[in-house]
Structures are given as structure tokens and as C-alpha cells.
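# Remarks on the overall topology
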Amino acid sequence: MFESAVSRRPLDGEQIDRRLARIRELLARWDALRPGDGQVWRRAFIPLDETEVTAFETRNGLRLPENYRRYLLEFGDPGFGLMRYAAQPFGEKDDPGYPKPFPLHESWAGRPDEITEWEEEQGTDFFDEGPGEFYAQFDDPAQAFYDLPVGADPDDGTLILGATRSHMLARLVLNGPWAGTVWLDSFGYDGQLKEPADDRYDDLYDDFVLREFADTSNWRALAGLPWFPVPVDGVGDPAPADFLDLTVDWLRHEVRQAEAERACDWLDASAVGEAGQRLRSPQDYGGLNGHRYGTFRPYLSGLIREELLRADPDPAACERIVEFATAAGAARCLPTALVLAGRWQELLDAEESLPEAERSPVHLVLAAGMLGANPPAAAIAAAWPGRDRLSVDRWVVLHALTRIGPDQRRTVLERLPELRPLLDIAVLPATMEALDGLLTGDLAAVHRDAVTVALVRALHTTAAADEASAELVDRLCALAVAVDRVGEVFGLLAAPAGDRWADWHAAQRDGRRFLDTRHNA
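The structure displayed is predicted, hence computed values, not measured ones.

### Section: the packing of aromatic side chains
- Considering all chains together, one arrives at 13 aromatic pairs under this definition.
- Seen from their ring centres, tryptophan 227 and phenylalanine 228 are 6.1 Å apart, and the 70° between their planes marks the pair as edge-to-face. Note on accessibility: tryptophan 227 and phenylalanine 228 belong to one class, buried.
- Following the ring pairs from residue to residue traces out a cluster consisting of Phe56, Tyr68, Tyr71, Phe75, Phe90, Tyr98 and Phe243.

This is the structure:
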């Protein structure tokens, strides 16, 4: 550690204002790029109430860093967005160490002379071969920290946000010069034990720290292609390891990937094929070896989701999904795309071309039923109880079953009878009685995708009617909350509700209140 504290000071009010404004801009840009996405940001960015934040501060005898505090009040708990892994919900844990002074002033990995001596004895590099062995020589690993004030703990004055993708703990510093910054803690695991999560490299998009929080290298192999977007601007006065700067950088990555996904809408098959090859072999194009590789699945999932939310099928969109999945080599998305497009013979051929262990019995039976043929014997054998028959995207299958004729549906259900109760839910009418039946039952035991199909069908039916009662809208909103689909269906939900809600946050709160009232009745 430094002998004296560093000169760094927490962000002032004007700096915080600009960063929060930048986050708002990036979220709006992301929203415009990913309509109907409904993924983590729609569920996570729900502001906390001032009383909840104040109660946490009172219980723990502290004032949260202003940058983090204002973020909580405007955007909500960051763990479910930024962390993506092992997030610790805000307020879930109190700790007597929170108000204590944070004792570190720089990255810490151990006393330099001790590390050098250990490397000479072991004949290996400290960071490459694992600090765990080095720290095992101490009876108490905390003894590895030196020059700390008497009674101080290196974790004092920090709040855990969650764990990063490399299993480091992300700690928010609550006081002192480093207040409002995030430190990575791999004590007893690997790398430096304690270090600020700052931008140590010039290319922030490929920054080591940012990769800890999100898959920032997902589409890095495409960066050399002419259609791939340039990096998104950040802030002009970056503050190392600051919580808001880290959040801005994470959102910059998400926006850039969303821009790339939208650019895919206009790519022809040859361009898609080239991009798919880069993603399948990222190390050949400047990417990393190992598990950090890119995929078109998020983009294709978005296209599929948009199709599932339509009132009527769009044949051109379905064909585009099939074309893209084929050209990109996205084998896992292709069967779902073929179901949407109703290309049953191709679906049957695609499934039969897979190794037997990877075939989907549901797809095989569905395709054979639509073709008026008997499914392969392997599909029937694989569909006996005890096997996961519904390993495919259930939403797509149930959606398809609601759109086929009764004779074909009967043929499929005879061979897959476990789909019948799910389909009974999916085709429920858009009436208050039917919705009450779902809402008063055990929603935890009802399949989410079956309820989602029923919800989307009910929303389209309601939108087509001249008007909808407030009572019916209440139930539709509550059902959307119950299956965690408010973000995805908000556009459909707002149509019969008029100007009732300013945004999806308001709908989420209304639906939650309705559910709580029903459960407490």
C-alpha cells in the first residue's frame, strides 16, 4: 500500500449528474435498438424507494456513496444488470463492517519481498501459478495483509455487489477517498487479491476489467467487418474504478452489440456466413480461446420473440429467421425457426440428421404429425416418461399448436399427451373468469410459457375489441407480472390501457399490487 492516502476523491455532484444522464441516454438507445427484448435490463432497472435506501443506511450507521445512492434511486439495484452472476440484492444483508474505514489505497497482492522469496523457492511465477499456494503458508490467510491499522480487516468499508465471471467478488467501497469505486477481490482464488476495477488498457471495449462483468468479447471477432459499429462514446473525464463509469462502460458494450444486431437485419446470406465463421472460430480473427466466444443466438432469439408477439404471423419474417439461422450456422436456433415458418419436412430432416441423443422428440412428433406421417421410432422411445420431452423452446411449440387445425393438433397430442394441460392453458379465452382462474391458482406450478401464450393471445384479443374494462386490464397486467413478461408485452398491454401508465415501471408496480391484494385476500 501507499504510505499516504492517494489524492483521488469521490465524484462531485456535477460529475454524477453527467454520468447519470449518460446512463439514461444509453438505456434509451438500447431500448430503441432492441424492441420487445424484455431481457435483464427491463426487469432490473426498477428504481428503489427513498425509504428503503434510508432504512438500510440507518440500520448500518452510514451514508451510501452519492454516486451509488443516486443510481439506486433512479435505476434500482445494479446487481441484476451489471453483475450478471451471483448478484447480491441490495438491502438483503447488513454488516457491522460497512461503516468502518476502508484500509487500502492501492492494488494489493502481498508483501513484495515475501512474494519474491516464494517465487525463488518454488521456481514459478506468483500470478501464473496460483497465489492460493502462497497464501496457504499462513495459518490465517488474513495475515498476508500487512501494515493495516490494528483491528482492521481488508474487507472493512465494502459492500459486495456480487461475483464476476471469473469468480472474483466485486466490492463497492463505502467510505474514504475510494468511496463509490468497485474493487475486485480474488483473495484465495487467483490474480491480485485486491485491486480497483479500473481501465488498465487503452481499448476499453476489450478491457480485462469489463470482461469480468459481461461478455464484452462476444462479438469482438466481427470488429473488422465494414458493417460492425464503432465503439460508443463514454464520458470525457473517466474516473478509475468508479461505479458509474463501470456501469457506463458496460452499457456502451451492450449498445454496441445491439447496434450490431440491428445491422444484421440488412445483411445478405454471404455476409452472414462470413460473420458466422468468425464467431465460430474467434481465435482466428483476434478473439480469445476458451469459453469467451460470440454467437448469433441473442439476435435470433430477439427475432423469434418479436414474431411470437405478433397478432398474425409474418411469413417474410419467418423465412428471414430460417435464412439467417442457416447462413450463420446457428444449428440450435434452426429447428425453432423451422417451426415458426411451418417448414415441417425440413424440420424432420434437420432433427433426423442430428445424433440420436440430441434430437428433440417434440420436434419429431410435431413435424410428423403435420406431415400426416408416423414419427420415427426413436422419437416415440425417447418420449416415454422420465425423459425431458420438452427440451425445445416451449413457447414456440405451444404457439405453433394454437395455430394449427384440430385434427393435426389431436394427432400431436395423442403422441405427446403431456402437452395437453399446457395447451389447455395456452388457449384460455380472454375473459375475467378465465384470468381469475389462473391468478387465484398456484402460478408457481403453472408452466410459464403456457401462460405467456395465453397472455399474448388475450392481449391481442383485447386490443381488437372496441374497449376493455379496467378490471380486465388489471388482470392482464397482473398476469404479465406473474410470468415476468411485463417488459416484453408492455406495448401490447398499454394499447387497451390507454394512457394509464407512463412507462412499464408503473405497469409493473400496478400488477404487483394487484397480485399482492389477491394473495392476501
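There is more to say after this.
### Focus on the packing of helix 18 (residues 394–401) against helix 22 (residues 448–464)
- Where helix 18 meets helix 22, the axes come as close as 9 Å, and the angle between the chain directions of the two elements is 50°. Considered as vectors, helix 18 and helix 22 are oriented oblique to each other. Regarding helix 18 and helix 22, the two cross each other, and that crossing is right-handed. Residues Arg394, Trp395, Leu398 and His399 of helix 18 lie in contact with helix 22, whose contacting residues are Asp449, Ala450, Thr452, Val453 and Val456.
- By residue class, the composition of the contact of helix 18 with helix 22 is five nonpolar, two polar and two charged.

### Here we look at the environment of glutamate 352
- With respect to the helices, strands and loops of the structure, glutamate 352 is situated in helix 15 (residues 344–352).
- Classification of glutamate 352 as partly exposed rests on a relative accessible area of 36%.

### Quick look at the environment of phenylalanine 75
- For phenylalanine 75, the position within the fold is in helix 4 (residues 66–75).
- Its relative accessible area of 6% is what places phenylalanine 75 among the buried residues.
- Placed 29 residues apart in sequence, phenylalanine 75 and isoleucine 46 show a C-alpha to C-alpha distance of 5.6 Å.

So, how was this worked out
Residues numbered from 1 in each chain as written. Predicted model: local features only at pLDDT ≥ 70, side-chain atom pairs only at ≥ 80, totals over all residues. Heavy atoms only, no water. Phe/Tyr/Trp six-rings, centres within 6.5 Å; stacked < 30°, edge-to-face > 60°. Buried < 20%, exposed > 50% of the residue type's maximum accessible area, 1.4 Å probe, protein only. Axes fitted to C-alpha atoms, helices over the stretch in contact; angles between N-to-C directions. Helix = DSSP H or I, 4+ residues; strand = E, 2+ residues; numbered from the N terminus. Parallel < 35°, antiparallel > 145°, perpendicular 65-115°, else oblique. Left-handed = near helix turned anticlockwise from the far one by under 90°. Contact = heavy atoms within 4.5 Å. Nonpolar A, V, L, I, M, F, W, Y, C, P; charged D, E, K, R; others polar.

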